[in-house]
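Structural description and commentary
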Amino acid sequence: MSEPEQIGGKLMSLERAVRTFVKRGDQVALGGFTISRNPMALVYEIARQSIGDLHLVAHSNGQALDVLVGAGCVRRIEIAYGGNGRFAPTCVRFRKAVERGAVVVEDYSNYQMALRFLAGALNVPFMPTKSGLHTDLVRLDGFSPELRRVAALPAKKLVVLPDPFDGEEGDVVLLPALKPDVALMHAQQVGDDGTVRIKGLTFADIEQAKAAKAVVVTCEQVVPAADLRRDPDQNALPPFLIDAVVPLPFAAHPTACHLFYDYDPQHLNEYRAAARDDGAYESWLREWVYSVADHDEYLAKVGDERLQRIKADPVRGYAVGLDRR
Amino acid sequence: MSEPEQIGGKLMSLERAVRTFVKRGDQVALGGFTISRNPMALVYEIARQSIGDLHLVAHSNGQALDVLVGAGCVRRIEIAYGGNGRFAPTCVRFRKAVERGAVVVEDYSNYQMALRFLAGALNVPFMPTKSGLHTDLVRLDGFSPELRRVAALPAKKLVVLPDPFDGEEGDVVLLPALKPDVALMHAQQVGDDGTVRIKGLTFADIEQAKAAKAVVVTCEQVVPAADLRRDPDQNALPPFLIDAVVPLPFAAHPTACHLFYDYDPQHLNEYRAAARDDGAYESWLREWVYSVADHDEYLAKVGDERLQRIKADPVRGYAVGLDRR
Amino acid sequence: MSKPTTTGSAPTAFTPREMMAIAAGRFIADGDIVFAGTGVALLAAGCAKRVQAPGAVIFFETGGIDPTLDEIPLAVADSRVMDGACINAGIIEAFSYVSNPRLHTIAFLGAAQIDRYGNLNSTCIGDYHHPTVRFSGSGGACDAGSLAAGFIVFMEHSPRKFVEKLDYLTTPGWLEGGESRRAAGFARGGPIAVVTDLCVLRFDETTKEMYLAERYPGVSDDDVVANTGFALDVSRAVEALPPTAEELRILRDEVDPQRLILG
Amino acid sequence: MSKPTTTGSAPTAFTPREMMAIAAGRFIADGDIVFAGTGVALLAAGCAKRVQAPGAVIFFETGGIDPTLDEIPLAVADSRVMDGACINAGIIEAFSYVSNPRLHTIAFLGAAQIDRYGNLNSTCIGDYHHPTVRFSGSGGACDAGSLAAGFIVFMEHSPRKFVEKLDYLTTPGWLEGGESRRAAGFARGGPIAVVTDLCVLRFDETTKEMYLAERYPGVSDDDVVANTGFALDVSRAVEALPPTAEELRILRDEVDPQRLILG
């Protein structure tokens, strides 16, 4: 590590990280879960750079998925759940895009998608599960055989295998590995050597990063490596898996970042309202994405008062007493 | 949790924990790795209670394996590595027992055994790997078909499956799940609610505990649950998987317990010397196991001076400058 | 047909949502692991833990296990499922607990459609490749339905939702009834009950067909039948015990004092 | 036959073990992940990192990644592999790095027997079911040999160890030579070199048969052939570069100042 302050050349701007590591047509894994630790700044930048034809892979994702779909960057999705919890039981632009045939979806469950990332992380062709036997998740393909061939996807959505040990186990579902072109994630801390620390739930972020061909991390803080190496048990990813580090406070806004800030209920409610109408949504995108030069300008638009309001209690991890209606 | 100080009835003596949860003929998973965090106090107690015919399962184990084998408690072993690092590149009583035909061994690799515990933890019939194709680990069974039947083991050691997705992946090895009757482990801390925290490397302890039908934990300290719940990210196992908690400082001696104490080089060297000769080994067992009433008496025999000498630096985790020849 | 909105007189008047939370919570036994989700499921779990199952563990599929829940989470990834938990697990680890045969995990699930065997649809209406309505998708519902020791379904009771045939089978219930679930390869699990705004439905032990078990006070057999899109056995129905004053106090004052879910 | 024990004159005299550590270390490139094990492997990794590969990561199969190594660990589970690491991983996580196609992981392995294709035995001598000598077993050797980008073997050079046929094939090398490793299903990997107390052996690019690449100073082709239990091509052999004064200083003063492994 000849230049720790540059994180070995991996420290870069949001603009450069997206331009370098996210290409038209890429398979992109979205970190986080519904309204928590979504890589929102990266998503806004992808929309600003108009990178299209993306193939999204995620277990449960909410806001990042919906903005990418809404901005027209997405062609295909493999997913278990597109929603924002109480703030949008089904993400609105996601729903509209599927109903209009603007995106093609192939459905899995949360555990199935997480296991597919694990298979990629372990570099094995598949993972077995008993989940989904005799359901339409197993019976119905979302992608046609032609699409599978053209997009270099596994030849089958999944395989149902009888117990190969000749025992009493019955059928098992084999889920093909995912190896995304790039994993996008947001972490609380990155060391100046590139070590990543995530606090709170990690969801499948770690498996996604290990499965991916490139990993881009935004973070709340860059800290001295020695601070993170004092307790290696708590670290999530080693430096050698990380390709780009973009230090950006509040880069998950309006989703939450445990111990740093809560989700922004007002922003999420306004988003949902705008998403319901095509015209209103275009205006929303113009106001919050296209006409915003960078993350600093975005935060200025959100405003200090709002950012203070969602600031997390450093012990509990969320904004105690926040008005969440 | 009506009685936190009793850890919901799970707090018990070493004698009772072993008598209740380790039966003749059980499949026993040994936690730790070579000379680190072996559940030694539990192993000595098993020997004292003369519980025999055990079927051991482990990835790499050293001292715990060798004492159980040496004391004649073991009939079968599924394992990747029986050694103590520089203190016994092959564990001596293990080697003698295999060469004499006193135990039957079936060989796997570290990754294979860890994946078998993971399969048990996930409650799936097998895990896939590319490791071991065309080796004797895959070609040669240690256990006969009759033994597999009698001992209720999977019908095959493993299965080699051609790529079920009709792709270019080639063959893959399917490793059958392990579901031990009991997992024995040593942890640094257990909360008074039963939450387990392990510091430093966890090896496959967590997968072993999740795969097992019962879990017995010795620990250096019982601490208030609130202390461990202040940072749930750092905890290894939830209370509902733990059956018995035995608070016993130095219960991993002569193996190391990260941040608490180092391995005991003198004890390990003396052990190896004794293990080479049947008579000397019998004396060793009498002196250090059979004639020792309990763990307190064992520690008194080791002596305070020695325990002070191996005490770990609380930051580095080991005894800095310890004479390890 | 009209549905009752509030039943009984003060101080034990209650809303259908309150009745649902309390009726569902009664299915939880001490020591159960409760796969809770959000919304009314979380109210049910919170009631159960405070009324009859203090040793039950409230569990989120995201990996937050037994958190304090000092505030109500509005999504399963909310920081409020992490605070004071015994462990913050990954998703794979979380589902390994759901699947663990040592643990009696009971899941609360919702859905857009349910059939007579308790199979659930939370994916779409219409043809899967050209849906007229798209929902969120399975999330962890298929996993919990496949792997947990059992599950309980929350449904709004309407003929659009209780259907003869699902548009998409997201979550396995009793499949085609009888022994078909075991034959499919599931070692355990299946739907235990369906809790609606009108009643509690259960499944016949042999045929695994849904039947009316308990009508809420003020609800008739006909109300239920009219809102169910398939033939329903009502011969075994009894009236549900209304919420006790104590159950209502706990639900309102302790579980959701901010009325974020109760509304 | 006799083997040299120390070669050269002060101040550049060196032992075979020192030569082995330095010769093996030279195979490591900057950015490699070095699956290090203990003993002489650790010395080789320590030399490489300080000489030509400062960005190499020393990696232990137990999950300790890039620790300070202020003291030499005596087993891969030693606390000294955990101190100051960037991450303390589990075993499965550790092997996921070994297998990761993005990472160029090079493993140092030892063995009881090796054949002409670099296949290794660390399990037993004699029949597997009735062995005359039992060794430790694979540990992670089979995994590293199967999954890493390549591996380097440390061997004491003797005909008992360089054998025509292994008693047990623990770790896959080039299997039966030629394309057989790829045909077996391995996407990459295989033995790069064998470093002994006499020489460095490599593998023919086409046949994958072992050949003598470098004799240590003072060692003859005949010394090597006499200690090898199968026919060996020596036609390509050159003399190895002896350790430089700087390499020896680093090895002795920085890597193993307590001489725990150098002896």
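The present account deals with the structure reproduced in this document. Quick caveat, the model's predicted, so the values are computed rather than measured.

**Considerations on the packing of helix α2 (residues 40-51) of chain C against helix α7 (residues 245-255) of chain C**
All names here are of chain C. In contact at an axis separation of 10 Å, α2 and α7 are set at 115° when each is read in the N-to-C sense. Considering how the two elements wind past one another, α2 and α7 form a crossing that is right-handed. Contact residues: L42, L43, G46, C47, R50 and V51 in α2; E247, I250, L251, E254 and V255 in α7. Tallied by class, the residues present in the contact of α2 with α7 amount to 7 nonpolar, 1 polar and 3 charged.

**A word on the sheet that holds strand β8 (residues 159-161) of chain B**
Residue and element names in this part refer to chain B. A sheet is described by the order of its strands in space; here 3 strands give the open sequence β7-β9-β8, paired in antiparallel fashion. Both edges of this open sheet fall to β7 (126-129) and β8, since each of them pairs with a single strand only. Within this sheet the neighbouring strands show an average axis-to-axis angle of 30°, counted without direction. Both β8 and strand β9 (residues 172-176) contribute to a ladder of 3 bridges, which runs antiparallel. Pairing of L161 across the sheet is with V172, part of β9. The strands that helix α5 (residues 110-122) touches are β7 and β9; relative to β7, the one it contacts most, it runs at about 145°.

**Considerations on the pairing of strand β13 (residues 210-215) of chain D**
Residues and elements named next belong to chain D. Burial analysis of β13 places 5 of its 6 residues in the buried class, which makes it a mostly covered element. With 5 bridges joining them, strand β12 (residues 199-203) and β13 adopt antiparallel strand pairing. Bridge pairing links L201 to L212 in β13. Between β12 and β13, which pair antiparallel one after the other, the connecting turn spans 6 residues, and K208 there sits at a positive phi close to 65°. Bridge count between β13 and strand β14 (residues 238-239): 2 bridges; the pairing is parallel.

**With respect to the pattern of salt bridges**
Under the criterion given, the structure shown has 88 salt bridges over all chains. One salt bridge in this structure joins E93 of chain C and K210 of chain B, with 3.4 Å as the shortest N-O distance. Pair noted here: E93 of chain C is in helix α3 (residues 91-99) and K210 of chain B is in helix α8 (residues 205-211), and the two residues belong to different chains. The burial state of E93 of chain C is the same as that of K210 of chain B; both residues are buried. Residue R230 of chain B pairs with D227 of chain B through a salt bridge whose shortest N-O separation is 3.9 Å. For R230 of chain B, a relative accessible area of 57% gives the class exposed. Salt bridges linked by common partners bring D262 and R324 of chain A together with E71, D78 and R80 of chain C together as one network.

**Remarks on the interface of chain A and chain D**
In this assembly, 21 residues from chain A lie in contact with 19 residues from chain D. Summing the contributions of chain A and of chain D, the shared interface buries around 1,700 Å²; its carbon and sulfur component is 54%. Interface area lost by chain A to chain D is led by K210, R229 and F240 of chain A, which between them contribute 38%. Our enumeration of links across chain A and chain D arrives at 3 salt bridges. We note a salt bridge from D243 of chain A to R102 of chain D, for which the minimum N-O separation is 2.6 Å. Our count for the chain A to chain D interface comes out at 12 residue pairs in polar contact (both at pLDDT 80 or more). Grouping the constituent residues of the side of chain A that touches chain D by class yields 12 nonpolar, 3 polar and 6 charged.

**Quick notes on the packing of helix α3 (residues 63-70) of chain B against helix α11 (residues 278-290) of chain B**
Residue and element names in this part refer to chain B. Put simply, α3 and α11 touch, their axes get as near as 11 Å, and they point 105° apart. When the axis of α3 is compared with that of α11, the two are roughly perpendicular. Each of D66, V67 and G70 in α3 lies in contact with α11, whose residues at this interface are Y281, W284 and L285. Looking at the contact of α3 with α11, its residues break down into 4 nonpolar, 1 polar and 1 charged.

The rules behind these values
- Residues numbered from 1 in each chain as written.
- Chains lettered and ligands numbered in written order.
- Predicted model: local features only at pLDDT ≥ 70, side-chain atom pairs only at ≥ 80, totals over all residues.
- Heavy atoms only, no water.
- Axes fitted to C-alpha atoms, helices over the stretch in contact; angles between N-to-C directions.
- Helix = DSSP H or I, 4+ residues; strand = E, 2+ residues; numbered from the N terminus.
- Left-handed = near helix turned anticlockwise from the far one by under 90°.
- Contact = heavy atoms within 4.5 Å.
- Nonpolar A, V, L, I, M, F, W, Y, C, P; charged D, E, K, R; others polar.
- Pairing = 2+ DSSP bridges.
- Buried < 20%, exposed > 50% of the residue type's maximum accessible area, 1.4 Å probe, protein only.
- Salt bridge = Lys/Arg side-chain N within 4 Å of Asp/Glu carboxyl O.
- Buried area = accessible area lost by both parts, 1.4 Å probe.
- Polar contact = N/O pair within 3.5 Å; in protein donor to acceptor, adjacent residues only side chain to side chain.
- Parallel < 35°, antiparallel > 145°, perpendicular 65-115°, else oblique.

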